[in-house]
Amino acid sequence: MKGFSLVELLLTVTLTGLVAGALFGLLRGQERLARTQADGVAAAEALRLAAFVLAGELRLLQPDEDIALIASESAAVRVLRGLALVCGANGAGILVRYRGVRTPEPAKDSVLLLRADSAARPLPLVSASPAPAACAAEPGEHVELWTLGAGAFPPAGSAALLFENGTYALTGGALRYRRGEGGRQPLTVEWLDDGASGFQALDPAGDPTADPARAAAVVVRATAEVPGSERRYSARLFLALLNGAAHRGRP
Amino acid sequence: MRPVRGPVPPGPPLPEPAPRVLAAHATPGREDGDAPAILTGNVATRNSAGFALLLALLVLLALGTLGTGLLFVSTLETRVSRALVHATRARAAAESAARAALTGWDAPAHRRLAPGTAVDVAVAPDALDPDVHAHARVVRLAGGLFLIRAEAEIRPPAGAGAHAAVGLLTRALHPAEFGPDFSAAVSAAGPVVLLPGAVVDGAGSAEPAATPDCPPDPLLGVPSGPRAGIAIADAPLLRVEPSAALHGAPPLEIAAHLADSAAFSGLGPLGMADVTRLADRLVAEGLDLTAGPGGDGCDVGSAGAGSLDGAVGPAGAPCSGDAQLIFSPGRLTVSGAGRGVLVVDGDLELAPGAAFAGAILATGRLTLAPGASVTGAVRAREASIAGAIRFDACALARAFAEAPGLNRPLRPAGRSWVPTF
């Protein structure tokens, strides 16, 4: 008769079970390692992205003009989107050589007109339209016809910064950005620990301050938690404000 | 029938024994279901079935997939980190290039730019790492503002690089910003006393008319033509002794704003703190101009001693490179001959024989001894003059244009760093 003896069967089943268990454990360990690695990368990426975005947006701001508020969970600022050099004027408005991260949108953008002392005068951008060839532009620039509020006609050679009002927040588990009164859109994965993440303005002496005008630096803390894991990734970003109070008053 | 293990039962001889070759199918007389032949100790069964190989392959596949994934993640992480490092380096390099442009600031050349025009600025090639390429451009804006637009690019031997740009707003002083404060040979709050033998002349000049390299009036930003001899807050505050000479157009000008204490609180747009920081030379109590730079053989009245472009005169020319911004925080006595811009936060005395060409600002009392002379203009709260003060727009313009301290780029009152996109 063909077949296996009971002993053989038991032995086979036992050995098969042992081998299968070992293999399953190995696979599971590998899978867990891979997932942990991927999650760690995602968490690190969230911190890195937050640091990169905030460094790019905050470092070049003029604290007493561009920062409305720095609270522990958010920073309300003027977000600069472009630079324009006035190259002429016609009856309708001023001609500018513009370069920026996007095209101007009067519905949401305003203009900071830099005076001779480089102090800025905020003005509404009433209209903006392309005006190619109206001025000679350098590579990367395009010429536009702008109409500014208050009937402003700055002279040729004046500089203006295009900006929108926005708020960066470390809430709801992510770095979020809100333009004007709009909703807060997450810029990172929602793995940040709200309690361990936030902003803090420092004065020139390095002491915390709630007055943006006295800010010389901003410290951003962010901690990312990997879901289903004990692992936490933390970053502390020290952003020296290049136009901050610590740098003023020097020839 | 079960396979038989053990010696092969007798049977027909094999035609060609082939060691270690499974030859069951070649065994003559074998019936289906009979035991296969076992040859030379190797066992093979027709019904051999197993999953070890398949299982091993599957496990290898799974491990390989996971391993590849981990490798990909690690590689990606490395690339992202490297890109971040490049981006940070590019940003730092752009800021360094902007600062380098500031360090090599060429005030005369930049002053000649028309608003809206630009000039490239060289960045020392060894100032940055070899894989960093940076350049800067100075754009003249309206007013006294300039924008240094600096860009840097990281070009690694392999992989993606990074690019960054940044702008640095800079303020530069122009002689025209100081001109209105020196619109007369002597500007004073009063009292002013012209002692016997004193000469104050706003109409004439020790020099001939403006030479082609000395067009003073546009540079000073004031109307051309003769100037007032003395501008004073109120007429009774002036006393002219017999044999003292006062000339000008008009000889006496009433300027009520000079009574304001703020009229003597700084030099043009600069406060005293700024002057202190910018001064080429800080002195106290006594100053012998002859012992200073250019004091050797400097004819302060010589035309062509320096140029209005802001560059110093040709090598070997009288007074070449000697115009300075000199500041004294308190009382000062001056002797010898020299030129430049002299600012004294207190009383100033020019000793007999002292000769100065340029601009003088004294927040206290100016005493000009007999034989002392000033070619240019003086601004002082009070004055006692026994020497000669002759207005000279050319000497003024040269002093303001050439003093290194006034040719330095300044940080604007507002923002300095701006994104340039």
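## Comments concerning the overall build of chain A
Then step 1. A tally of regular secondary structure across chain A gives 2 helices and 13 strands.
Then step 2. Whereas a compact globule of 251 residues would reach a radius of gyration of roughly 18 Å, chain A reaches 28 Å, over 25% beyond that.
Then step 3. Summarising its shape, the C-alpha atoms of chain A cover approximately 110 × 45 × 35 Å along the three principal directions.
Then step 4. The proportion of buried residues among the 251 residues of chain A is 35%.
Then step 5. Put simply, of all contacts in chain A between residues at least 6 apart along the chain, 57% involve residues at least 24 apart.

## Quick look at helix α5 (residues 393-402) of chain B
Then step 1. Of all the 10 residues making up α5(B), 10 are buried; the element is thus mostly covered by neighbouring parts of the structure.
Then step 2. All buried positions along α5(B) are accounted for by Ala393(B), Cys394(B), Ala395(B), Leu396(B), Ala397(B), Arg398(B), Ala399(B), Phe400(B), Ala401(B) and Glu402(B).

## Comments concerning the interface of chain B and chain A
Then step 1. Opposite the 37 residues of chain B that make contact, chain A presents 36 residues.
Then step 2. Elements supplying a minimum of two residues to the side of chain B that touches chain A: α1 (52-103), β3 (145-154), β4 (162-171), α4 (272-278) and β23 (417-418) of chain B.
Then step 3. Looking at the side of chain B that touches chain A element by element, the count peaks at 10 residues for α1(B).
Then step 4. Within the side of chain B that touches chain A, the residues separate by chemical class into 22 nonpolar, 8 polar and 7 charged.

## Digging into the sheet that holds β4(B)
Residue and element names in this part refer to chain B.
Then step 1. Taking strand neighbours across the sheet as the criterion, the 5 strands line up as β1-β2-β3-β4-β23 in an open arrangement whose pairing is antiparallel. Taken across any chain shown, the strands that pair with only one partner, and hence form the sheet edges, are β1 (118-121) and β23.
Then step 2. Examined bridge by bridge, β3 and β4 share 10 bridges and lie antiparallel to one another. Counted as the bridge partner of Ala152 is Ala164 from β4.

## Some details on the confidence of the model for chain B
All names here are of chain B.
Then step 1. Model confidence for chain B is summarised by a mean pLDDT of 80, while 76% of its residues fall at 70 or above.
Then step 2. Summarising per-element confidence for chain B, the mean pLDDT is lowest in helix α3 (residues 216-220) (57) and highest in strand β19 (residues 348-350) (97).
Then step 3. Every residue in residues 206-210 scores below 50 in pLDDT, and together they form 12 contacts with partners more than four places removed in sequence or on other chains.
Then step 4. Here the complex is predicted with pTM 0.76, and the ipTM for its interfaces comes to 0.86.

## So, the environment of Thr170(B)
Residue and element names in this part refer to chain B.
Then step 1. Its place among the elements puts Thr170 in strand β4.
Then step 2. Taking the number of C-beta atoms within 10 Å as the measure of exposure, Thr170 has 24 and is therefore buried.
Then step 3. Sequence separation of Thr170 and Val80 is 90 residues, and the distance between their C-alpha atoms is 35 Å.
Then step 4. Excluding residues within four positions of it along the chain, Thr170 makes contact with Leu102, Phe146, Ile148 and Pro409.

## What to know about the domain arrangement of chain A
Residue and element names in this part refer to chain A.
Then step 1. Each assigned domain of chain A is listed here: domain 1 (40-76 + 167-247) and domain 2 (78-163).
Then step 2. The interface is formed by 7 residues belonging to domain 1 together with 5 residues belonging to domain 2.
Then step 3. Here the side of domain 1 that touches domain 2 is composed, by residue class, of 2 nonpolar, 1 polar and 4 charged.

## Some remarks on the sheet that holds strand β12 (residues 217-225) of chain A
Residues and elements named next belong to chain A.
Then step 1. What the 4 strands build is an open sheet, ordered β11-β10-β12-β13; its pairing is antiparallel. Each having just a single partner strand, β11 (208-209) and β13 (232-240) make up the two edges of the open sheet.
Then step 2. In terms of strand pairing, strand β10 (residues 198-202) meets β11 through 2 bridges, oriented antiparallel. When the sheet's bridge partners are listed, Leu202 is paired in β11 with Pro208.
Then step 3. Those strands touched by helix α1 (residues 6-58) are β12 and β13, and its axis lies near 10° from that of β13.

## Focus: the environment of Leu66(B)
Then step 1. Locating Leu66(B) in the fold gives a position in helix α1.
Then step 2. For Leu66(B), a count of 19 C-beta atoms within 10 Å gives the class partly exposed.
Then step 3. Sequence-distant contacts of Leu66(B), that is, excluding residues within four places in its chain, are made with Gln30(A), Glu31(A) and Ala34(A).

## Some details on unusual backbone geometry
Then step 1. Omega for the peptide link from Gly190(B) to Pro191(B) comes to 5°, which places this bond in the cis form.
Then step 2. With respect to the helices, strands and loops of the structure, Pro191(B) is situated in the loop between β5 (184-188) and β6 (192-194).
Then step 3. Backbone torsion omega between Ala249(B) and Pro250(B) reads 0°, so that peptide bond is classified as cis.
Then step 4. In this structure, Ala133(A) is a non-glycine residue whose phi angle is positive, near 70°.
Then step 5. With respect to the helices and strands, the residue Ala133(A) is situated in the loop between β5 (120-130) and β6 (142-148).

## Side note on α1(B)
All names here are of chain B.
Then step 1. Between its first and last C-alpha, α1 extends 74 Å over 52 residues, near the 76 Å set by a 1.5 Å rise per residue.
Then step 2. Of the positions making up α1, those classed as buried are His86, Arg89, Ala90, Arg91, Ala93, Ala94, Ala97, Ala98, Ala101 and Leu102.
Then step 3. Looking at the packing, one finds that the buried side of α1 touches β1, β2 (132-140), β3 and β4.

What counts and how
Residues numbered from 1 in each chain as written. Chains lettered and ligands numbered in written order. Predicted model: local features only at pLDDT ≥ 70, side-chain atom pairs only at ≥ 80, totals over all residues. Helix = DSSP H or I, 4+ residues; strand = E, 2+ residues; numbered from the N terminus. Rg over C-alpha atoms; globule rule 2.2 N^0.38 Å. Buried ≥ 20, exposed ≤ 12 C-beta atoms within 10 Å, placed from the backbone. Contact = placed C-beta atoms within 7 Å. Nonpolar A, V, L, I, M, F, W, Y, C, P; charged D, E, K, R; others polar. Pairing = 2+ DSSP bridges. pLDDT = per-residue confidence, 0-100. Domains from an automatic or database assignment. Axes fitted to C-alpha atoms, helices over the stretch in contact; angles between N-to-C directions. Expected span 1.5 Å × (residues − 1).

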